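# Structural overview for review
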2 protein chains.
Amino acid sequence: MELRHIRYFLAIAEEKNFTRAASKLHIAQPPLSQQIKDLEYELGTPLFHRTPHGAELTDAGAAFFEAVKVLPLQIRQAKEAAQKAAKGETGKLRLGVTGTAALHPAIPAVIRQFRRRYPEVELTIEEANSLALAQGMLTDRLDAAILRPSDPDPKTLTIEHFLTEQLVIALPSAHPLARDTNAINMLALQQEPFIMTPRSLAVSLHDAVVAVCHAAGFEPIEGQAAPQIASILSMVSAELGISLVPESMRQLSVKGVVFRSIGDTASKVELAVAYPSLHPSQPALNFAAVVRQQKSAREALLAE
Amino acid sequence: MELRHIRYFLAIAEEKNFTRAASKLHIAQPPLSQQIKDLEYELGTPLFHRTPHGAELTDAGAAFFEAVKVLPLQIRQAKEAAQKAAKGETGKLRLGVTGTAALHPAIPAVIRQFRRRYPEVELTIEEANSLALAQGMLTDRLDAAILRPSDPDPKTLTIEHFLTEQLVIALPSAHPLARDTNAINMLALQQEPFIMTPRSLAVSLHDAVVAVCHAAGFEPIEGQAAPQIASILSMVSAELGISLVPESMRQLSVKGVVFRSIGDTASKVELAVAYPSLHPSQPALNFAAVVRQQKSAREALLAE
DNA sequence: ACATGTTGATATGTTTTAGATATAAATATG
DNA sequence: CATATTTATATCTAAAACATATCAACATGT
């Protein structure tokens, strides 16, 4: 039995007439009779009473009709389900976000935009450092991530730049330099211990901090290591040292910590969207597309 | 899209391997690849990731799988539904029973047997006189009936004899002849008015009564006409006359009525099963078969 | 490292079968 | 009773499913 038999059977059941059904099916009447004959042979029972004015269902035909009438709709829905999944309109997106990015207002904006555009995609968000995110994507635990890119990232990931932000200085509020709200010259910090995330966990942030110091002409004194942004700020608050953090951290107001701009040296850290190069899921590609679109919108806004 | 595509797709999804799926489907591997390619083209998206060690579902493939995995079962069930209906194991039987037959113990036995043999058939029973039953079958209100056959029944009905029963005399209990429990000679009744169903409603019963009188050598005096068996007996009870009724009526004990056997003359009325000759429903044929079987059983029992 | 055995894809020929055309048989209808 | 319906049958054609042979890609094991 093939779907053709079902389609032909249903057409005759509806038209109650072989000839009309055949023309509706865009075939001639003899092959239609033939196909129904084959179907009846396979079922072992006639499905229609043939009369000189058409055809009507037998009891067996009526029972068969009840069982198969939903099939064409089911087939159409199966097709649509496959196509929606292929377009990434259904399914799931396991998204990773690096800890120091979640506070940037562009990130929730991107996520909001994605949810609006793809409401049927089940979205789960995981927060971790950039290294863990990269590994998550390679081990198929994550589909895409917002992270701070680093050049030595393996070629197995596709990374698309999203935005660049400045670094700012996080100071204990009791620090002498905190009295002034003006920008601070980096050289004034060359004796301070720098609280940093270990390079192994967040390559690009670490390197950016070091680069700023080098540009100012000194090597930073490495103070306490801290794996997450929250712990950095509480260490600053505890007066264990100072830190350079992305400016979006200003969103976070922590007691005993003030932020100051860098006065003399240019600095930048990047946020990017990443997904596996090998078999990226369609929702991941769609998410990257939303990021690109948001990036254009941001840049148009900044250019005004 | 044809069911072949679904079957092939499901086989590969299960085996996760084109070659193994092909041998399971008893076809070679190239046509299988070709069919899947065609299916993917129709859906507009790949369904499998081909790898050097087999094939696994894409997201679209997984969505398609969820939608079509029940189809083979559904097709099988549709087939079975048609076959059961064709065998008369499902559907309905609208059965008519003539009023003077319902009391014969063989009738409930037949119905009980049919219900046991065809438990999924919806059975409705209607009681009416033989004429109404015959018309009901010709106007497709009834599928089969137990009735008292009469020769002039149109050739549009198939009638199969079931059993023959004797007539007995129904007397008011105050009647002088009721004092004796012996059989009564018909000639003793030639002055009594006979309460009868009109010939137009129950040809064979009427004719049988008249035949018994003729055999005894007299013309019965027609008394009150009564359409149903219950009214005959209450008229006898009211001493409006006497009546000849099928012996199964002895089951009915009506106050003021006694039954006596006919002493001298042979008499018989028949019960038969009937169904339309033109398009008998399978349940009707099955019912007739149960009647035949019950008839054999009865005759074997009586022959002992 | 390289031969070997997997995998699925491609090319081409054969066979099956769906469908077309022509016609017949059956049965209502004017 | 002729005519216009209906579905069924016979025969042919064209499409498509399938088979065989072969290839290309990749993993694996000596």
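Rules and cut-offs
- Residues numbered from 1 in each chain as written.
- Chains lettered and ligands numbered in written order.
- Predicted model: local features only at pLDDT ≥ 70, side-chain atom pairs only at ≥ 80, totals over all residues.
- Heavy atoms only, no water.
- Near = heavy atom within 4 Å.
- Polar contact = N/O pair within 3.5 Å; in protein donor to acceptor, adjacent residues only side chain to side chain.
- Helix = DSSP H or I, 4+ residues; strand = E, 2+ residues; numbered from the N terminus.
- Nonpolar A, V, L, I, M, F, W, Y, C, P; charged D, E, K, R; others polar.
- Contact = heavy atoms within 4.5 Å.
- Pairing = 2+ DSSP bridges.
- Axes fitted to C-alpha atoms, helices over the stretch in contact; angles between N-to-C directions.
- Core = buried A, V, L, I, M, F, W, Y, C linked by side-chain atoms within 4.5 Å.
- Buried < 20%, exposed > 50% of the residue type's maximum accessible area, 1.4 Å probe, protein only.

### Overview of the protein's contact with DNA strand D
- Among the 20 residues in the neighbourhood of DNA strand D, the closest are listed as Phe18(A), Thr19(A), Arg50(A), Pro52(A) and Ala28(B).
- The sugar and phosphate moieties of DNA strand D supply 75% of its atoms located within 4 Å of the protein.
- Take Ser33(A): an N or O atom from its side chain is 3.1 Å from a phosphate oxygen of DNA strand D.
- Here a phosphate oxygen of DNA strand D sits 3.2 Å away from a polar atom, N or O, in the side chain of Arg4(B).
- If you list the elements that add at least two residues to the surface near DNA strand D, you get α2 (18-24) and α3 (29-43) of chain A together with α1 (3-15) and α3 (29-43) of chain B.
- Residues belonging to the surface near DNA strand D are distributed by class as follows: 9 nonpolar, 7 polar and 4 charged.

### Some points on the environment of Gly99(A)
All names here are of chain A.
- Inspection of the secondary structure assignment puts Gly99 in the loop between β3 (91-98) and α6 (106-117).
- For the pair Gly99 and Ile169, spaced 70 residues apart in sequence, the C-alpha separation works out to 18 Å.
- Beyond its immediate sequence surroundings of up to four residues, Gly99 is in contact with Glu127, Ala128 and Ile229.

### Side note on the sheet that holds strand β7 (residues 167-172) of chain A
Residues and elements named next belong to chain A.
- In spatial order, the strands read β10-β7-β11; together these 3 strands make up an open sheet with antiparallel pairing. Single-partner strands in this sheet number two, and they are β10 (243-246) and β11 (257-261). Sheet twist, expressed as the average angle between the axes of neighbouring strands with direction ignored, equals 40°.
- Of the pairings in the sheet, the one linking β7 to β10 comprises 4 bridges and is antiparallel in character. Among the inter-strand pairings, Leu167 is bridged to a residue of β10, identified as Pro246.
- Helix-sheet contacts for helix α8 (residues 203-216) involve β7 and β10, and the interaxial angle to β7 is about 85°.

### Some points on the nonpolar core
- Phe64(A) and Phe64(B) are the most contacted members of the largest nonpolar core, which has 55 residues in total.
- Among all residues touching Phe64(A), those that are not within four sequence positions of it are Met1(A), Ile6(A), Phe9(A), Leu39(A), Leu43(A), Leu47(A), Ala78(B), Lys79(B) and Ala82(B).

### Comments concerning the protein's contact with DNA strand C
- By nearness alone, 19 residues border DNA strand C, and Ala28(A), Phe18(B), Thr19(B), Arg50(B) and Pro52(B) come closest of all.
- A share of 80% of the atoms of DNA strand C within 4 Å of the protein falls on sugar and phosphate groups.
- Taking Ala28(A), its main chain carries an N or O atom lying 2.6 Å from a phosphate oxygen of DNA strand C.
- One of the side-chain N or O atoms of Thr19(B) is found 2.4 Å from a phosphate oxygen in DNA strand C.
- Those elements that place two or more of their residues in the surface near DNA strand C are α1 (3-15) and α3 of chain A together with α2 (18-24) and α3 of chain B.

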